[in-house]
Structure formats: structure tokens, C-alpha cells
Amino acid sequence: MATELVQKLLADVPESRSTLVDCVTTPNEMTSPVFSLLNRLIETFLGKDYDLCIKLCEPLLDITWEKLNTGHWKDVHVCWRHLYSLVSLLKGVSQVVITTSCVTDTGSGALKDDLTNSIKTFDMGLLMGAPIFGNVLSKMSVYVHNYLDTYLNLQLSSAESFPLNQKEHTSESDSKIKPPYDSVNHGFVIDKSDDLENPENPPKRQKTGTSDIEINMENEIQRISCPSMEYFRKEFLLTKQPVIITNAMDHWPAMDKRRWSLNYLQKRAGYRTVPIEIGSKYTDDKWTQKLMTIGEFIDQFITTEMKSSTDDISLRSKHVNPVGYLAQHQLFNQIPELLDDILIPDYCLLGGTGSENPDTSDACRQEDTEDVDINAWFGPKGTVSPLHHDPKENFLAQVVGRKYVRLYSEAMTPYLYPYDGFMDNTSRVDIEHPNFSMFPRFKNATYRECVLDEGEMLFIPRKCWHFVKSLSISFSVSFWWK
């Protein structure tokens, strides 16, 4: 079986030196020594000296890494991204060839570790480079990942015993999700009154299914079941009114026949390397990022949190672990197999201007949906996206779990104290613990709010400020479109 894997990988690598060189657009941007080293690397790979090939890859990757991380990303010439992808391709394939030639198919730890490293090599090319040869790096990662899963009996570690939906694993102490702030501090309220039993004093706040999370009914975002495109355009898109759309995701495979679970995500993508945000939110001083596999992320931040929910609360309080978050990552470009589990909402075809007669032909649909930015948001209970706005229209689709969302219209910007400079789309106000002495106008900011449930899609208009906090283990997908 290892031979079949190698044959499959090599079949997708061009055998022509000129074809390999030509994938690096405008190589004249490179210095002569770099271009000479690249030519030597290609000749070595085509000559099947895979050990030397790996050695030659290292200085090229170091040089390219430095180029990619100097100055602003958009100002880096694309040839360096293509070069990083090409070198990653040749290195990763060489790693697989060497590994499978030295270790038999016995499911050994050495084979597993070495092939995992080759997947990381391909993924680094996907993360840092640009697509080459029909996104061949993605294919390579899938080939090796499927081999590991099929022939080495991928162990799901602790994740195997936990569903992604945590409803069945809620301890008594966690049955009430305590709100992070109260009404005095411009936030959640714990309603301890007995209004439901007093018809003369009807409740003004609606319970959301978790006893301590309540939404002010006057501020609650409207829900509507699958509106027509024309109705959505007129009532919400053109008027910049947020709305929750229900019953529009039921046909997604991720919600039905290929329902997402920890087991499923491990099986599909457990060895894939992704960037993880470490820290409560990106505005904190201690916030950082770390590359790790999805399997490592699940073990360290998801199943650990799930297990702790069944432990004694006094024991949990002694061990405060940092929050990890797979946030705003184009996971579906990196792993197209997961893209097959979701569907781009038809409303994205309208465009941000809300065209009165959207062209829904297959050709136009493909063109329009290619302009949609799809991001994954996967993490444990308690992940936070601080108050900010985005430059595009946004659908936030809740595939797993629940999130609290608060929205402030663009008109509220003077009350929200944006940062200066490159973070001018982010508010300086910590809305969970607002400092009214420092930000007095924030008291006058009006907002809408909701708890976004599994299977619901929230339309967030362009430049609408939004704060998001997960109330459980959560997987959301955002669709940004113009």
C-alpha cells in the first residue's frame, strides 16, 4: 500500500524541469544564487536523490520564509509564495518516499510520525504559499492523510469518546452558563424574578434554553424562516438590518448525513496543520498564535475542556488553561473535503448592493461564489471575538453549538471608541467589563442581541459592529461577500 501512495504522489508532480520552474512566476525577481539553488533542487528531485533533495530544500525555505515575513504581506511578490509552495511540494514528496522505503506497513509509530511531518510540510506550503499545479499541495495532504487513516488505524485518542455537541455531557454545575456581565455593566442579566407567574408583570426578557442566558426581547434580533431572495434583499440587505435565518442549513451534509463530530473532524483532518489563536481575545497583550494539527488542538483545548466540565468545580478552579481558537481561518481552501459538507447561501448571489435581478445561472453562480470568503471558527466554550466590524456583508452560520452575539449599527461608531491605526475596525471597549470612566459615551450605545443556535444563520451587514462569545463548544462558518 505504501508503494501505491508513492506512485500516486509522484504521478501528480510534473516530470519536466521547465514545467516545475515555470510555476514560479517571474523568477527574475530572485537573485542568481537563489535561482541556481532552485534549479539544482529540481534536478536532484527528478534524479530521485531524495535525501539530498530534502537538504537542498532547507536553505530555500529559510530564504523564502524571510521574504514572506518582511514588510506587509500584500507587498511580497507572488513569485516567493509560488517558490515556497514548490519547495514544500518537493520536500514533502521526498519525505514520503524516504519514509515508506525505510519502514514497512506495520502501523509503527515511526511511520506515523514521519508521514505526519510530510503532511505538515504540504500544509505549510498551503498556508504560506500560493496554489500551483491545480492546488496540488491539497491533494498531497489528502493522499497521505487518507493513507494514515486507512492503513495505520488512526487513533482518535481522547476525542473518540466525545461528540462535538456537548449537550449529553453537561454536569450539574455547568447546567447554568453564567453570563459574563450584568445589566448595570451594559450586559447580560440574571433574571431572578418570578415574572412568568405574574400576569400583571409580563417578562421583558426571553430565556434562550440555558437558564441563565437571557435576551432583552426589545433588543432581540428578528428570526425568519428561509425568506425569498427578493424579500431578503428589500427588507434586510438594502436596509442594513441584521436578521437570523432559520431552516436554511438543514440540507447541509455537515448537519445531516455527514454530521460534524470530533470523531469526524479527526478522521477528515486530524493531521492537518492550522494556525491556532492562544489567549482570550486578539486585543489582549498575551494573545499569540501557534501552529498545530487539528488533532492536537482538539486534544489540548476541546476534549480537555469537556473532561473538566465533569470534574469537581473546586478542582477546575485550580487549573486555568489558556483558551485556544481556530479563528478566521480559510480551512475550506486548505481542506476542500470539508467544503463539500457545507453550502454557500444563495443570498450571497445578490451582492452587497442587492442587485434587483441577480443572475442565478450556473456560470454566474460559480463566478459569484468564488468571490465569497469562507472562514472557520472552531473552539471551546468561552472563545471571544471582541467588538469589531468587517468590510463585507457577512453570514455567520452556526453548525455546532451556540453563541451569544451583540450587534451595534455603523451609526453607533462614535460611542464605541475604535482604535487608531490598523486596528481601527476594533473597539477599545471591553463590553464584558466596560470602563465607563474611560469610555463614557458607551453607555448611550444601543444594540441588538441574540443567542445563535445550531442550524441558524445570522446576517451581519457590512460595517456593523459585532461581539461574539461561544456558550458551548462551537463550530461556525462565516461567509463574507460583497
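Rules of the game
Residues numbered from 1 in each chain as written. Predicted model: local features only at pLDDT ≥ 70, side-chain atom pairs only at ≥ 80, totals over all residues. Heavy atoms only, no water. Phe/Tyr/Trp six-rings, centres within 6.5 Å; stacked < 30°, edge-to-face > 60°. Helix = DSSP H or I, 4+ residues; strand = E, 2+ residues; numbered from the N terminus. Buried < 20%, exposed > 50% of the residue type's maximum accessible area, 1.4 Å probe, protein only. 1 Å grid on protein atoms, 1.4 Å probe; cavity = no way out; pocket = protein on both sides within 12 Å on 5 of 7 lines; lining within 4 Å. Points joined across faces, edges and corners; volume = space filled by probe spheres on them. Nonpolar A, V, L, I, M, F, W, Y, C, P; charged D, E, K, R; others polar. Pairing = 2+ DSSP bridges. Axes fitted to C-alpha atoms, helices over the stretch in contact; angles between N-to-C directions. Expected span 1.5 Å × (residues − 1). Contact = heavy atoms within 4.5 Å. Salt bridge = Lys/Arg side-chain N within 4 Å of Asp/Glu carboxyl O. Core = buried A, V, L, I, M, F, W, Y, C linked by side-chain atoms within 4.5 Å.

Student: Please clarify how the packing of aromatic side chains should be interpreted in this entry.
Tutor: Any two aromatic rings considered together are summarised by their centre-to-centre distance and by the angle between their planes. Across all of its chains, the model carries 23 aromatic pairs by this definition. For the ring pair Phe-232 and Phe-459, a centre distance of 5.1 Å and an interplane angle of 75° mean the geometry is edge-to-face. Of this pair, Phe-232 sits in helix α8 (residues 229-237) while Phe-459 sits in strand β13 (residues 457-460), and the two are 227 residues apart along the sequence. In this pair, the class of Phe-232 matches that of Phe-459, namely buried. Geometrically, the ring pair formed by Phe-395 and Phe-459 is tilted, given 5.6 Å between the ring centres and 50° between the ring planes. With Phe-395 in strand β10 (residues 393-400) and Phe-459 in strand β13, the pair connects residues that are 64 residues apart, well separated along the chain. Note on Phe-395: relative accessible area 0%, which makes it buried. Every member of this aromatic cluster is reached through a ring pair, and the members are Tyr-231, Phe-232, Phe-236, Tyr-347, Phe-395, Phe-459 and Trp-481.

Student: Any chance you could explain the layout of surface pockets here in plain terms?
Tutor: Over the atoms, a rolled probe matching the size of one water molecule traces out where space is still vacant. Its volume calculated, the largest pocket comes out at about 1600 Å³. For the lining of the largest pocket, the leading source of residues is helix α6 (residues 109-128), giving five residues. Split by residue class, the lining of the largest pocket holds 23 nonpolar, 17 polar and five charged.

Student: What should I look at first to understand the sheet that holds β13 in this one?
Tutor: Sheet strands associate in pairs through backbone hydrogen bonding, adopting either a parallel or an antiparallel arrangement. The nine strands lie next to each other as β3-β4-β13-β10-β15-β8-β7-β5-β6, forming an open sheet whose pairing is mixed. The sheet terminates laterally at β3 (223-225) and β6 (288-293), the two strands that pair on one side only. In this sheet, adjacent strand axes meet at a mean angle of 30° when their direction is disregarded. Of the pairings in the sheet, the one linking β10 to strand β15 (residues 474-481) comprises seven bridges and is antiparallel in character.

Student: Just checking my understanding: could you explain helix α4 (residues 50-68) for this structure?
Tutor: The periodicity of an α-helix, 3.6 residues per turn, causes residues three or four places apart in sequence to face the same way. Compared with the 27 Å implied by 1.5 Å per residue over 19 residues, the 26 Å span of α4 between its first and last C-alpha is a close match. Buried residues along α4 sit in contact with α1 (2-11), α3 (32-46), α5 (78-102) and α6.

Student: I tried to follow the pattern of salt bridges on my own but got confused; where do I start?
Tutor: A pair can form between side chains of opposite charge whenever their charged atoms are brought close. Scanning the model with the defined rule gives 14 salt bridges in all. Across the pair Lys-74 and Asp-75 runs a salt bridge whose closest N-O atoms are separated by 3.3 Å. Residue Lys-74 shares its accessibility class with Asp-75, and that shared class is exposed. Of the charged contacts, one joins Glu-230 and Arg-233 as a salt bridge, the two residues approaching to 3.2 Å between their closest N and O atoms.

Student: Is there a simple way to think about the nonpolar core in this case?
Tutor: Across soluble globular proteins, nonpolar side chains have a tendency to be buried as a group. Grouped together as the largest cluster of nonpolar side chains are 51 residues, with contacts concentrated most on Leu-86 and Val-93. Looking at this core, the elements that each hand over two or more residues are α1, α2 (17-22), α3, α4, α5, α6 and α7 (136-151). Looking at this core, the element that brings in the most residues is α5, giving 12 residues. Among all residues touching Leu-86, those that are not within four sequence positions of it are Leu-20, Cys-23, Val-24, Leu-38, Ile-42, Ile-132 and Phe-133. In this structure, Leu-237, Val-243, Ile-245 and Ile-276 belong to the second largest nonpolar core, which totals 49 residues.

Student: Please clarify how empty space enclosed by the protein should be interpreted in this entry.
Tutor: Under the defined criterion, the tally for this structure stands at two cavities of 30 Å³ or more. Volume-wise, the largest cavity comes out at about 100 Å³. As for the largest cavity, its lining consists of 13 residues, and the residues nearest its centre are Trp-377, Ser-385, Leu-396, His-466 and Val-468. Secondary-structure elements contributing two or more residues to the lining of the largest cavity are β9 (384-388), β10, β14 (465-470) and β15. Counted by class, the lining of the largest cavity contains six nonpolar, five polar and two charged residues. Lining the second largest cavity are Glu-277, Gly-279, Ser-280, Lys-281, Val-323, Tyr-325, Thr-383 and Val-384. In terms of residue class, the lining of the second largest cavity is built from three nonpolar, three polar and two charged.

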